[in-house]
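# What the coordinates show
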Amino acid sequence: MTERVPSGIEGLDELMEGGFPKGKTIVISGVPGSGKTTFCMQFLCKGILDHNEPGVYVTLEESPDSIIRNMMNFGMDLKSLISKGKLILVDANPLRGETMLTVSGVHTGFIEFKAYGLSELIRQKVREIGAKRVAIDALTALLMHHRDDFERRLEIVRLLIGISGLDCTTLITTEHRSFELGRSFMMEHFIADGVIFLDMLQAGGGFVRGIQIQKIRGVRHDFDFHLYRITDKGIVVFPKEKIFAPTKEEM
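Residues numbered from 1 in each chain as written. Predicted model: local features only at pLDDT ≥ 70, side-chain atom pairs only at ≥ 80, totals over all residues. Heavy atoms only, no water.

## Comments concerning the environment of Ala-131
The test is simple: In this text, helices come from DSSP runs of H or I with a minimum length of four residues, and strands from runs of E with a minimum of two, each type numbered from the N-terminal end. When accessible area is computed with a 1.4 Å probe and restricted to protein chains, residues below 20% of their type maximum are described as buried, those above 50% as exposed, and intermediate ones as partly exposed.
By the secondary structure assignment, Ala-131 is in the loop between helix 4 (115-129) and strand 8 (133-137). Classification of Ala-131 by relative accessible area gives buried; the value is 3%. Residues Ala-131 and Gly-55 lie 76 residues apart in sequence; the distance between their C-alpha atoms is 4.9 Å.

## A closer look at unusual backbone geometry
The omega torsion across Asp-137 and Ala-138 is 10°, close enough to zero to call that bond cis. Looking at the secondary structure, you find Ala-138 in the loop between strand 8 and helix 5 (139-143). A positive phi angle is found at Glu-17, which is not glycine, with a value near 55°. Here Glu-17 shows up in the loop between strand 1 (4-5) and strand 2 (20-21). Residue class for Glu-17 comes out partly exposed when judged on its relative accessible area of 28%. One non-glycine residue with positive phi stands out, namely Asp-167, at about 60°. Relative to the helices and strands, Asp-167 resides in the loop between helix 6 (149-163) and strand 9 (169-175). Since its relative accessible area comes to 41%, Asp-167 is described here as partly exposed.

## Quick look at helix 1 (residues 36-51)
Basically, it comes down to this: Expected span of a helix, by definition, is 1.5 Å for each gap between consecutive residues, and there is one gap fewer than residues.
End to end, helix 1 covers 22 Å across 16 residues, agreeing with the expected 22 Å (1.5 Å per residue, within 8%). Of all 16 residues in helix 1, twelve are buried, a share of seventy percent or more. When helix 1 is considered as a whole, its buried residues turn out to be Lys-36, Thr-37, Thr-38, Phe-39, Cys-40, Met-41, Gln-42, Phe-43, Leu-44, Cys-45, Gly-47 and Ile-48. Two residues or fewer past helix 1, Asn-52 is found with a positive phi of approximately 55°.

## Some points on the pairing of strand 11 (residues 206-216)
Under the convention used in this document: Any two strands with at least two DSSP-identified bridges between them are counted as paired.
Where strand 10 (residues 194-203) lies against strand 11, ten bridges are found, and the strand directions are antiparallel. Bridge pairing links Phe-197 to Gln-212 in strand 11. Remark: two residues form the turn of the hairpin made by strand 10 and strand 11, two consecutive strands paired antiparallel; Gly-204 in that turn has positive phi of roughly 60°.

## Some words on the packing of aromatic side chains
Rules: Between 30 and 60 degrees the pair is tilted, below 30 it is stacked and above 60 it is edge-to-face, where a pair is any two Phe, Tyr or Trp rings, Trp via its six-membered ring, whose centres lie within 6.5 Å.
Per the stated rule, a full pass over the model turns up one aromatic pair. Plain terms: the ring middles of Phe-20 and Phe-43 are 5.9 Å apart, the flat faces sit at 70° to each other, and that makes the pair edge-to-face. Pair noted here: Phe-20 is in strand 2 and Phe-43 is in helix 1, with a separation of 23 residues, a long-range link. Across the pair, Phe-43 and Phe-20 agree in class, each one buried.

## Re the side chain of Thr-37
Formally: Any two residues whose heavy atoms approach within 4.5 Å are treated as being in contact.
By secondary structure assignment, the location of Thr-37 is in helix 1. Other than its neighbours up to four places away in sequence, Thr-37 contacts Tyr-57, Glu-62, Met-71 and Asp-137.

## Remarks on the environment of Gly-210
In this fold, Gly-210 is placed in strand 11. Sequence spacing of Gly-210 and Asp-224 is 14 residues, and the spatial spacing of their C-alpha atoms is 9.3 Å. For Gly-210, the contacting residues outside a window of four places in its chain are Phe-197, Leu-198, Asp-199, Leu-201, Phe-225, His-226, Tyr-228 and Ile-243.

Next up, the structure:
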């Protein structure tokens, strides 16, 4: 049986035989406001606190300062983990250059905004602290510079090849349209080892948050939508609460 890495998301591991397969890449695809960043940070923080597995978080959009402030709302003290050398936050937004928060402070530099440069940066940071978990948030920012689908696919492959061999379990976030609006499947969904959707679904005359494990190679998992909530302690999945998404005829 493939070794499992606990997701850090309460209730989720019950739907996939105990966790993510170790060393694999999982895409977390969600609508805006679905909690993708919170999902990634729970994965990293729980890995550090519960399993002593250092982590690297790469942001391609939101600033590290903003992420640090927002995660305090969920009881995640990122500054403390950074000061202990257990977590590295890398700012890979091309408009801000590259900013890394470390024990010694803030170092600013430059990173070429392409998969090769990004993967080299990730490899460097993983080696620095012996990281076992990586989160890249969000791949959409990297792909928006390529209009051609073939070039986008190549860029994804370059990134995945570039970070392969690190012995790290990696989460990569992307954005998608809501299920009700006709969800599309992107190149990264086919290439990654696993895909998890965070969606807003219509139920009982209103909308609820639903999570679905679309695929995880080599792992038996649930395929249904399940209720999840974003609480003051982060994301909580309710594995016994199924949500039935509307069919095309019902929409």
